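# Chains, contacts and geometry: an overview
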Amino acid sequence: MTISYNWLSEYLPESIEPEKLSKILTSIGLEVESVEKYEEIKGGLQGLIIGKVLACEKHPDADKLKLTQVDIGTPEPLNIVCGAPNVALGQNVIVATIGTTIYPVDGEPVTMKKAKIRGVESQGMICGEDEIGIGKSHDGIIVLPEGVKAGTPAAEYFNPYQDYTFEIGLTPNRMDAMSHIGVAKDVCAYLSHHHKKDTAVKSPFKNNLKADNNNLKINVVIENADSCQRYAGISIQGVTVEESPVWLQQKLKSIGLRPINNIVDITNFILHETGQPLHAFDADKIKGNTIIIKNIAAGTNFITLDEKERKLSSDDLMICDAENPLCIAGIFGGMISGVTTDTKNIFLESAWFNPVSIRKTSVRHTLRTDAAVRFEKGVDISNVVNVLKRAAILIKETAGGQIASDIIDLYPAPKEKTEVALKYHYLKKLSGKNYHGDTIKNILSSLGFELIKEGRDEMWVKVPFNKPDISIPADIVEEIMRIDGLDNIEIPSLISIAPSIETLATETINKEKIANYLVGLGFNEIFTNSITNSAYFNEEVLQSAVKMMNNLSADLDILRPSMLETGFSTVAYNLNRKNNQIQLFEFGKIYKTLQEGKYQEENQLCLYVSGDKTTKSWNKKNEKTDIYYVKGICERILSLLGLTTFNYLPETSADFDQYLVVKIKNEEVAKIGAVNKKTADRFECKQPVFYLNIHWDKLLLLNKKYNLQFKEISKYPSAQRDLSVVVDKSIRYKQIEKATSMAKINKLASINLFDIFESEKLGASKKSMAINYTFVDEEKTLTDKDIDTMMAKIIATYEKELSAEIRK
């Protein structure tokens, strides 16, 4: 969930810095996963200066260019070559000076450099709207009104909106925190407890709504009182549907919402302010001036706002007029009654719908709207009317019109608050901390709980309606511990444990061994979501994918059949934020459907590498990562698990340019690839990325068959020889290794390819491979004669098996 810092601060009684507020939110259980700076105009117009054109003449060598002198408040004016058709003497303009970075509406950021244009030096640029991101016009430069002082920073003149956004990892039970006011209440409870003073939210609700007339009364009938336990509405007459005011657009944009019009934007604003979904109907399209909340016949066709026709179920709760269904209650509006630019009269709805009913209908029609998510978790039934009044006042302020009816509020069976008893010794048992009775009362009171009575070792409280998940004492304990601060949980000095047998010791040791090796190379471990977006995969892959039945998000609808896509999203996230040196690894699972009702999950280890493999320093240059670097890491991982005999087979893949499959005894254990441009472009990655995918479960099974053996290091020195062999270009190094092993040289400790050379002198289809051999005898020092004998055997094998020639 995204929370705007500026928006949240409007409800807090004191100003709190973003960093400190982030720590408070995490401490009270609203984990802040990221804090991002939001800029309405990218770059915030930093470095741009307002200047005055002192001179403007035609360029001597270009008909469409002009030579200008621009005063930007410095001792000397700037000479700027400008190609805009509307530039003229005396104008106030916006100037990007040398070193300033501009952010065009379409395109990459551009940093200004001193340049010569048709032989004339230009010391900057006079900017147009689309070039600095404040508009889309490309008709010419921006001309500001008279009276603006030259040298004024453009950011000071335009004052572009800036904010910070908190991405909160909200747990499913925290419906009460799915709004800015809900989060503010928790922050105020934290401040009250830790600052030892009452701190309350600045309430936006005003009780000054009065009907201007009663000209547009809508009758409301609830036929299904179980699925709709409260329904309120109000009519507003004579509205003007138009673009929303700037303040409203800025708030919505900051949390990633696209402004639509003032009526719809107010309902979205209220949703994110209070957590209460609203719906606005075009009142002139409500037949019979009657709203009926009911279920209708199965198979009824209904066109929703997205212009799709849906077949309704008899279990779907609908908002209907006297003749037709108008809206799927609490989920999605209908095409026939939606607000358009022609709408003049509206009926505004605020209601409480049964979470189970909403959930079933939402899943049935795959409509995961913001409203549905909130209704299915349970909204505050006591706040239905207050929110409606707030919205009506805002609509009147932004869209004009008159309140044309009294508030209609149908609440057939008012709900009672849940009562919970909390024993103090139970609180201590769960929290591990002794809380004073007054502390408990103050925390619960600040969260809206109502104290019923208090005993020697317990208290009874009524739960506020905005916390529908709280029903047992453990829930109350959680609330107390949250506000006290999850960071303040006391750690006991003595912990008692019962010894157990570790059944997965070998697997854990191997995992730690490989993880430590990768971290030592400079890798960072990541954990990505095993639920991903089906749009990443083709139809063939999706046929065996494990699909989510009750996905919380439309974008997260399958269990990942591959780890490439989820890891690549992390790579792209880092690359797009200028973190160009990527070395990441992840232990994770992939999933697939075997047959109806049967599934398979497999553990895998994946590496994602991009950028330089070495860092530039005074005595060495930086080296770019390549597939051979990743191949070397793969070999080392296999050897650390005792697997030293394996083969590389080149294959083709739709996702990779270079692609190698690693096999042990004809069984695939790993894949190595250089991601191709098509795949990279899907994730907006602009530099090469290399990928290693290891079938971890298979390696562990092979590792169990391997008996680790130790041997003494030889007391005698090793000897080395180099050999250059000329072979056909089709010969691979793996064939050299195989031929070497066929020579059966027991004293050969290792071989290493250190050079490949191609030249017309060798022949059009030939290449030279330079190889280093290391020999060791554990019983004596090798003589030249011993080594020459072994080398002769190797050469003879190469000549026979590879038709090799020895290069002198």
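Here we summarise the structure given alongside this text. Keep in mind that what you see is a predicted model, and the values were worked out from it rather than measured.

Cut-offs applied
Residues numbered from 1 in each chain as written. Predicted model: local features only at pLDDT ≥ 70, side-chain atom pairs only at ≥ 80, totals over all residues. Heavy atoms only, no water. Helix = DSSP H or I, 4+ residues; strand = E, 2+ residues; numbered from the N terminus. Rg over C-alpha atoms; globule rule 2.2 N^0.38 Å. Buried < 20%, exposed > 50% of the residue type's maximum accessible area, 1.4 Å probe, protein only. Areas by Shrake-Rupley, 256 points an atom, 1.4 Å probe, with all protein chains shown as cover. Pairing = 2+ DSSP bridges. Contact = heavy atoms within 4.5 Å. Axes fitted to C-alpha atoms, helices over the stretch in contact; angles between N-to-C directions. Lys, Arg positive; Asp, Glu negative; His and termini not counted. Salt bridge = Lys/Arg side-chain N within 4 Å of Asp/Glu carboxyl O. Polar contact = N/O pair within 3.5 Å; in protein donor to acceptor, adjacent residues only side chain to side chain. Core = buried A, V, L, I, M, F, W, Y, C linked by side-chain atoms within 4.5 Å. 1 Å grid on protein atoms, 1.4 Å probe; cavity = no way out; pocket = protein on both sides within 12 Å on 5 of 7 lines; lining within 4 Å. Points joined across faces, edges and corners; volume = space filled by probe spheres on them. Nonpolar A, V, L, I, M, F, W, Y, C, P; charged D, E, K, R; others polar.

Turning our eyes to something else, we now look at the overall build of the protein. The helix and strand inventory of the protein stands at 21 helices and 43 strands. Here the protein has a C-alpha radius of gyration of 35 Å; the compact-globule value for 808 residues is 28 Å, and the former is much larger. Its C-alpha atoms give the protein principal-axis dimensions of roughly 115 × 90 × 60 Å. Looking at the protein as a whole, 46% of its 808 residues are labelled buried. With an accessible surface of roughly 42300 Å², the protein has 49% of that area assigned to carbon and sulfur atoms.

Strand order in the open sheet formed by four strands is β41-β42-β40-β43, and the pairing between neighbours is antiparallel. Either end of the sheet is taken by a strand with one partner, and the two such strands are β41 (748–757) and β43 (805–806). As defined by bridge partners, β41 adjoins strand β42 (residues 766–775) across eight bridges and the pair is classed as antiparallel. Along β42, the bridge assignment pairs Asp755 with Ala770. Each of β40 (719–728), β41 and β42 touches helix α20 (residues 733–742); the most contacted strand, β41, lies at about 150° to it. Each of β40, β42 and β43 touches helix α21 (residues 784–802); the most contacted strand, β40, lies at about 15° to it.

This paragraph deals with the side chain of Asp130. Relative to the elements of secondary structure, Asp130 occurs in helix α3 (residues 129–132). Buried charge Asp130 goes without a salt bridge, the closest partner of opposite sign being Lys136 at 11 Å. Engagement of the side chain of Asp130 in a polar contact is seen with the side chain of His138, the distance being 2.7 Å. The contact partners of Asp130, leaving out residues within four places of it in the chain, are Pro104, Val105, Gly135, Lys136, Ser137 and His138.

When you line up the elements, Ser768 lands in strand β42. Every residue in contact with Ser768, bar those within four places of it in the chain, is listed here: Ser724, Val725, Val726, Asp755, Ile756, Phe757, Leu762 and Arg807.

This part covers the nonpolar core. Leu25, Tyr231, Ile291, Phe347 and Phe353 are the most contacted members of the largest nonpolar core, which totals 107 residues. Residue contributions to this core peak at nine residues, all from helix α10 (residues 384–399). Those residues in contact with Phe353 that lie beyond four places of it in its chain are Ser227, Cys228, Tyr231, Leu317, Ile319, Ala329, Gly330, Ile358 and Phe375. Formed by 35 residues, the second largest nonpolar core is a distinct cluster that contains Ile514, Tyr629, Ile637 and Leu699.

This structure, assessed with the given rule, holds two cavities of 30 Å³ or more. Counted as a void, the largest cavity has a volume near 50 Å³. Lining the largest cavity are Lys42, Gly43, Leu45, Gln46, Leu48, Thr101, Ile102, Tyr103 and Ile132. Across the lining of the largest cavity, the residue classes break down as five nonpolar, three polar and one charged. Each pocket or cavity is described by its volume, and for the second largest cavity that value is around 40 Å³.

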